Amino acid sequence: MSYLLLLLATLAWSFVGVLVKTASTMVDSAIISFARFFFGVICLVIYLFIRDGKVQIRLGMKWIWIGAIGKAVNYVFENIALKIGYSYGNILVQPVQTVVLLLAASWLFKERIAPRGWMAAALCVVGVLVVGWNGTPWDELAEGSGLTTLLFTFAGIGAAVHVLSQRMLLKTMDNGNMNLSVFLVSTIIVAAPVPVYSHGFTGPVSVWAWVSLILLGVITGLSFFWFAEAIKKVPFMIVALVGNSMVFFAVLWAYLFFRDPITIYIIGGTLIFVAGFLLLNFPMPRRNAGVQANADAQVEAKVEV
């Protein structure tokens, strides 16, 4: 069962780009961001009520708001970039998040990062640059892939801030109620500008677009439960391999559903930053405690999509 949950979480994350792209045929990115949180909150409330018979919402904690802002930034910029770019573009979020988490571990938490960790970060940066470049002439980068890469970079920074907030909040809260509180605040944050900046329905109403919006919320609300339950029993090496395979699935779905062009630069860059993930996540000797701590941080980093 644990292996099935791990696979479900990985597949769910890999479909995010395709679902956002499908939903964008009907509504703008502001509505998509709101829907991802709104339906996610509904899923969490139902799940927690079934599990515990109650829900606990805490809004008075600093890290709840920091995490909510980070996750809102993650979704807002990711959705904009997916709407104007390719549906596999969000594979760039995870390597950016990895680098930010390593820097935070070193500077904020004073954890020792072994050379292996910095090498992994360098591979992530190089991979992102190669995918973002994608062979585009330098004078055209600002108008095309350069802009989407920048947006995904902001999204990755926001995702990392959210993971850091989880690290602080898990000391006093359980996963479910913590994320319910964070996602509720995030819903309010992304909903506030909708009446002013959103264009609402920008295309024909379709069943698939509505299904995509709901599924995005389900992924937001439930995928981290699947992943959290899976890593309790699945060997860490398998978690690293299966979890990071998400990027390959994302590229595959992009080609199958939208025929997004897959160039040698996309393949090469993806392989480079996946190598960085594996270098960072694979088990290592106990003496490298600082690196192992960051591997654990990466497990947390994959918990939220």
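Definitions and limits used
Residues numbered from 1 in each chain as written. Predicted model: local features only at pLDDT ≥ 70, side-chain atom pairs only at ≥ 80, totals over all residues. Heavy atoms only, no water. Axes fitted to C-alpha atoms, helices over the stretch in contact; angles between N-to-C directions. Helix = DSSP H or I, 4+ residues; strand = E, 2+ residues; numbered from the N terminus. Parallel < 35°, antiparallel > 145°, perpendicular 65-115°, else oblique. Contact = heavy atoms within 4.5 Å. Nonpolar A, V, L, I, M, F, W, Y, C, P; charged D, E, K, R; others polar. Core = buried A, V, L, I, M, F, W, Y, C linked by side-chain atoms within 4.5 Å. Buried < 20%, exposed > 50% of the residue type's maximum accessible area, 1.4 Å probe, protein only. Salt bridge = Lys/Arg side-chain N within 4 Å of Asp/Glu carboxyl O. Expected span 1.5 Å × (residues − 1). Arc of directions from axis to C-beta. Lys, Arg positive; Asp, Glu negative; His and termini not counted. Polar contact = N/O pair within 3.5 Å; in protein donor to acceptor, adjacent residues only side chain to side chain. Phe/Tyr/Trp six-rings, centres within 6.5 Å; stacked < 30°, edge-to-face > 60°. Lys NZ or Arg CZ within 6 Å of the ring centre and 35° of its normal.

1. What to know about the packing of helix α2 (residues 16–23) against helix α4 (residues 62–84)
Step number 1: Contact pair α2 / α4: the axes reach a minimum separation of 9 Å and the direction vectors enclose 70°. By the angle between their axes, α2 is roughly perpendicular relative to α4. Contacts between α2 and α4 involve V16, G17, V20 and K21 on the former and, on the latter, E78, N79, L82, K83 and I84.
Step number 2: Here the contact of α2 with α4 is built from residues that sort into 4 nonpolar, 2 polar and 3 charged.

2. A closer look at the packing of α2 against helix α12 (residues 246–258)
Step number 1: At their nearest, the axes of α2 and α12 sit 8 Å apart, and the two run at 35° to each other. Of α12, the residues touching α2 (which contributes V18, K21 and T22) are W253, A254, F257 and F258.
Step number 2: Residue classes in the contact of α2 with α12 are distributed as 5 nonpolar, 1 polar and 1 charged.

3. Thoughts on unusual backbone geometry
Negative phi values dominate among residues other than glycine, just as trans dominates among peptide bonds.
Step number 1: The backbone of N134 shows a phi angle near 55°, a positive value even though the residue is not glycine.
Step number 2: Examined against the element boundaries, N134 turns out to sit in the loop between α6 (115–133) and α7 (145–169).
Step number 3: The phi angle at R259 is positive, at roughly 55°, despite the residue not being glycine.
Step number 4: Looking at the secondary structure, you find R259 in the loop between α12 and α13 (264–281).

4. Description of the nonpolar core
Step number 1: Within the largest apolar cluster, 51 residues are counted, with the highest numbers of intra-cluster contacts made by I32, L213 and F273.
Step number 2: At 6 residues, the largest contribution of residues to this core is made by helix α10 (residues 207–230).
Step number 3: In terms of nonpolar packing, the next biggest core, distinct from the first, is built from 20 residues, F37, I64, F183 and V190 among them.

5. A few points about the pattern of salt bridges
Step number 1: For the structure on display, the rule yields 4 salt bridges.
Step number 2: Between R51 and D52 there is a salt bridge whose closest N-O contact spans 2.9 Å.
Step number 3: Note on R51: relative accessible area 39%, which makes it partly exposed.
Step number 4: Take D52: its relative accessible area is 38%, and that puts it in the partly exposed class.
Step number 5: Note that D174 is salt-bridged to R51, the shortest N-O span being 3.3 Å. Of this pair, D174 sits in the loop between α7 and α8 (175–191) while R51 sits in helix α3 (residues 29–52), and the two are 123 residues apart along the sequence.
Step number 6: According to the relative accessible area criterion, D174 is partly exposed, its value standing at 30%.
Step number 7: The structure contains a network of salt bridges with shared partners spanning R51, D52 and D174.

6. Some details on α12
A turn of α-helix holds 3.6 residues, and therefore any two residues three or four places apart point the same way.
Step number 1: Over its 13 residues, α12 runs 18 Å from end to end, which matches the ideal 18 Å to within 8%, given 1.5 Å per residue.
Step number 2: Among the residues making up α12, those that are buried are M246, V247, A250, V251, W253 and A254. Looking straight down α12, one finds its buried side chains confined to an arc of 165°; they lie on one side.
Step number 3: Positive backbone phi, approximately 55°, marks R259, located one or two places after α12.

7. Overview of the side chain of D260
Step number 1: When you line up the elements, D260 lands in the loop between α12 and α13.
Step number 2: Of the side chains with opposite charge, K21 lies nearest to the buried D260, which makes no salt bridge, at 6.3 Å.
Step number 3: Only 2.7 Å separates the side chain of D260 from the side chain of S87, close enough to count as a polar contact.
Step number 4: Residues within four places of D260 in sequence aside, it is in contact with Y86, S87, Y88, A254 and Y255.

8. Things to note about the packing of aromatic side chains
Step number 1: The tally for this structure, following the rule as stated, stands at 12 aromatic pairs.
Step number 2: Each ring, one from F15 and one from W253, has its centre 4.8 Å from the other, and the planes form 10°; the classification is stacked. Residue F15 is found in the loop between α1 (2–14) and α2, and its partner W253 is found in helix α12; the two are separated by 238 residues along the sequence.
Step number 3: Under the relative-accessibility criterion, F15 is labelled partly exposed at 26%.
Step number 4: The class for W253 is buried, based on a relative accessible area of 14%.
Step number 5: One aromatic cluster in this structure is built from F15, F249, W253 and F257.
Step number 6: When the ring centre of Y75 is taken as reference, the NZ or CZ atom of R36 above it lies at 3.6 Å.

9. Examining the environment of S198
Step number 1: Looking at the secondary structure, you find S198 in the loop between α9 (194–197) and α10.
Step number 2: Expressed as a C-alpha distance, the spacing of S198 and A30, which sit 168 residues apart in the sequence, is 5.9 Å.
Step number 3: Once residues within four sequence positions are removed from consideration, S198 is found in contact with D28, A30, I31 and P193.

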